[in-house]
Amino acid sequence: MQHRNRSRWYFLIIITVFHSLTLFAEDSVSTPIAESAVIDLRNYDFDSDGPVALNGEWAFHWDTAVSYENFFQIISGTPDHYINVPSYWDKLSDVDPRITAQGVATYRLKILLPHMRRTMAIKFLNITPNADVFVDGVRVVEIGDVNPNPQYSKSGNMIQILPIEVSGPSVDVVVSISNFHNVSGGLNRPIDFGFYNDIRESREHVLSAEALFLGGLMLMGLYQIALFMLDRKRKAPLFMALLCFLSFFFAGFKHEMVLLSLFPGWDGEIRTKFIFSALALAPMGFTYYAYNIYPVHFIRWVNRVILAIASVFTVVILSTPKAFFTRFLIPMEAVILVVAVYNITALTRGYIRGRDRRLLFSLGGLVFLLASIVFSILDNAFAVVFQSVAGIFFVFILYQAFLQAYIFSHAFQEIDHLSIQKSKLEKRNVELFSLSYIDSLTGSCNRRLFDDYLASNWRVNSLSDRSLGMILIDIDHFKMYNDYYGHRQGDVCLLKVCELIRAEMNGLGLDTLARYGGEEFTVIISDTDEMSLFRIAERFRKAVEAGRIEHPASAISDVVTISLGCACIIPSMDMDPESLLDAADKALFEAKEKGRNRTEVYDVVG
């Protein structure tokens, strides 16, 4: 037990270290910062330090879009403001009332370089929501469609690596954006500048790593779906699969945006819908995942409210343009916070009540999920790229996989224990059933089971107007057999007669032979008539006689024979099952009166 406890703590320490490493995955090299729209890279060593982020003060021109005609006018003109990149331009609304989240703006930056002739590159991670990029008076890329008219402005959101042939002492970069699509607009992601080959190779490496990560998420999701298909009563894997797929799309559209690289035809509208849908559904997914593992600690009507809110958000996101649904980011964040508090409260209360350590594991998983959601919100609010977002999602899935393995291991142990107990109970039940309902000598049903069986069939057939027939069997002169051979041999005779009758019953598809008395037996048959009963009874009689069980003391034959009485009736609720037994008994009495070793049928009237 102590070894298993240590293993759990080792696992927690490992994932915590991994999580910490992802938090500090950013480049720690001190880099130059732009001031007054100029960044001085003349002393920067691209060979040893790699690409540099063009962070700092860029010139900002409001209500202006760059073109071939006005490029040089913009780079030589006086800007409206200087704005820090990366950030949204909304922050300038406090100092300039003209500036709103919706509109057109142009950024510019002069890059001072050492004297060299090299192929450099600028990498744009993501521009919200589109861009026209000019370098030294030449348009190098058009992301979406920049247009001051909202009807023609189109979202893009594609990552771009733009090669630049450097031959002079400086490079002028001008970027125009028209935002009529998002809550906020601007250069809200770092822009990298460096040798083309370095930037391209770096992106390829990151894309490969993220593709592997996304593939792992997809496989985990499919695995959880397979678990759900094997046992559909357990819905926890279904919601874990939902979280895996949400993580897949969320991470695939963040940072290097692998999915947009795989599907270049998808625009920024689709990307934003996926990201917002993941944020809308993730809290609901975790709530129902935890609820299906620990249902006693959650409130059903609260779960339904969370499901309804998530459904409304998702429908709005999928059916409206992002210029509309991105306005609901703050309400979504509020819902995420409330749902998180609800989950934490439910799991904490459950732990306090039951001291179940598995609840602590669920709480830990919730922390990872919330951290990834909070980081994504911070990413959108403060324009800081957190490379740990995808990593935290991945750690969360691993965390929950560990939780499931922990629960399953205990469940399997409990199943083994219960299986052993079940086997013992089943064995005991069989023994009790045999003692209560099975004749110990012949293995036939005893009188108690016969009475229950007759009463049950009587009720069923009375409701469906089906006939019920009975054959009552008696061994002829069995007392004389016992007196001649003794009771031990008499028991052998009873057993042989039962075997002969059962053999015929098996051929007829009948399975219920009951020992009614000492040497009397009975068979009950549904959906039959008197003639069919007579034929079946005759088969029994002839089979016993053909068995050639010697009976020297018999007055009618030198072998054991049987007499049979048959009766058939359609039961009704105002009749008693004993009426069928009385009729069969009268038929048996008549068979004995007429010489034995024969079958008689009692004609039931009414």
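Residues numbered from 1 in each chain as written. Predicted model: local features only at pLDDT ≥ 70, side-chain atom pairs only at ≥ 80, totals over all residues. Heavy atoms only, no water.

A. View of the sheet that holds strand β12 (residues 468-475). Spatial ordering of the open sheet is given by β13-β14-β12-β15-β16, a layout of five strands whose pairing is mixed. Looking at strand neighbours, the two that pair on one side only are β13 (513-515) and β16 (599-602), the edges of this open sheet. The average undirected angle you get between the axes of adjacent strands in this sheet is 20°. Relative to strand β14 (residues 520-526), β13 is paired through three bridges, and the arrangement is antiparallel. Bridged to R515 within β14 is F521. Seen against the sheet, helix α15 (residues 487-508) touches β12, β13, β14 and β15 (562-569) and runs at an angle of roughly 160° to β13. (Pairing = 2+ DSSP bridges. Helix = DSSP H or I, 4+ residues; strand = E, 2+ residues; numbered from the N terminus. Axes fitted to C-alpha atoms, helices over the stretch in contact; angles between N-to-C directions. Contact = heavy atoms within 4.5 Å.)

B. Main features of the packing of aromatic side chains. Under the criterion given, the structure shown has 23 aromatic pairs. Their ring planes at 75° and their centres at 5.2 Å tell us that Y68 and F134 sit as a pair that is edge-to-face. With Y68 in the loop between β3 (56-62) and α3 (71-76) and F134 in strand β7 (residues 131-135), this pair connects stretches of sequence that are 66 residues apart. Judged by its relative accessible area of 0%, F134 is buried. Summarising the aromatic geometry, the rings of Y484 and Y485 are spaced 4.8 Å apart at their centres and angled 75° between planes, so their arrangement reads as edge-to-face. Taking the relative accessible area as the measure of exposure, Y485 reaches 32% and is therefore partly exposed. These aromatic residues form a ring-pair network of at least three members: F239, Y288, Y291, F298 and Y342. (Phe/Tyr/Trp six-rings, centres within 6.5 Å; stacked < 30°, edge-to-face > 60°. Buried < 20%, exposed > 50% of the residue type's maximum accessible area, 1.4 Å probe, protein only.)

C. Broad picture of the environment of E530. Note that E530 resides in helix α16 (residues 530-546). Since its relative accessible area comes to 31%, E530 is described here as partly exposed. When sequence neighbours within four positions are dropped, the list of residues in contact with E530 reads C568, V601, Y602, D603 and V604.

D. Representation of the pattern of salt bridges within the structure. Taken as a whole and assessed by the stated rule, the structure comprises 19 salt bridges. As a salt-bridge pair, R139 and D132 come within 3.5 Å of each other at their nearest N and O atoms. On the basis of relative accessibility, which here comes to 33%, the residue R139 falls in the partly exposed class. Residue class for D132 comes out buried when judged on its relative accessible area of 5%. (Salt bridge = Lys/Arg side-chain N within 4 Å of Asp/Glu carboxyl O.)

E. Spatial organisation of the packing of helix α14 (residues 478-485) against α15. Direction vectors running N to C along α14 and α15 enclose 135°, while the axes themselves pass 7 Å from each other. For the element pair α14 / α15, the angle class is oblique. Facing α14, whose interface residues are F478, Y481, N482 and Y485, α15 presents H487, Q489, G490, C493 and L494. Here the contact of α14 with α15 is built from residues that sort into five nonpolar, four polar and no charged. (Parallel < 35°, antiparallel > 145°, perpendicular 65-115°, else oblique. Nonpolar A, V, L, I, M, F, W, Y, C, P; charged D, E, K, R; others polar.)

F. Region of the structure containing the nonpolar core. Counting residues in hydrophobic clusters, the biggest one holds 49 residues, and the most contacted among them are L214, F276, M284, F298, I306, I317 and M332. Residue assignment for this core shows that the elements contributing at least two residues are α4 (196-230), α5 (236-252), α6 (258-262), α7 (268-293), α8 (300-319) and α10 (329-354). Among residues more than four places away in sequence, those in contact with I317 are K273, F276, S277, A280, F325 and M332. Listed in part, the 41 residues of the second largest apolar core include Y44, I122, V133 and F193. (Core = buried A, V, L, I, M, F, W, Y, C linked by side-chain atoms within 4.5 Å.)

G. Here's a closer look at the sheet that holds strand β6 (residues 118-124). Across the sheet, which stays open at both edges, the four strands sit in the order β2-β11-β6-β9 with antiparallel pairing between neighbours. With partners counted over all chains shown, the strands left at the sheet margins are β2 (52-53) and β9 (160-166), one partner each. Seen against the sheet, α4 touches β6, β9 and β11 (191-195) and runs at an angle of roughly 120° to β11.

H. Representation of the packing of α7 against α10. At their nearest, the axes of α7 and α10 sit 10 Å apart, and the two run at 15° to each other. Between α7 and α10, the interaxial angle falls into the category roughly parallel. Read as a crossing pair, α7 and α10 show a hand that is left-handed. From α7, F276, L279, A280, P283, F286, T287 and A290 reach across to α10, where they touch L329, M332, I336, V339, Y342 and N343. Of the residues contributing to the contact of α7 with α10, the split by class is 11 nonpolar, two polar and no charged. (Left-handed = near helix turned anticlockwise from the far one by under 90°.)

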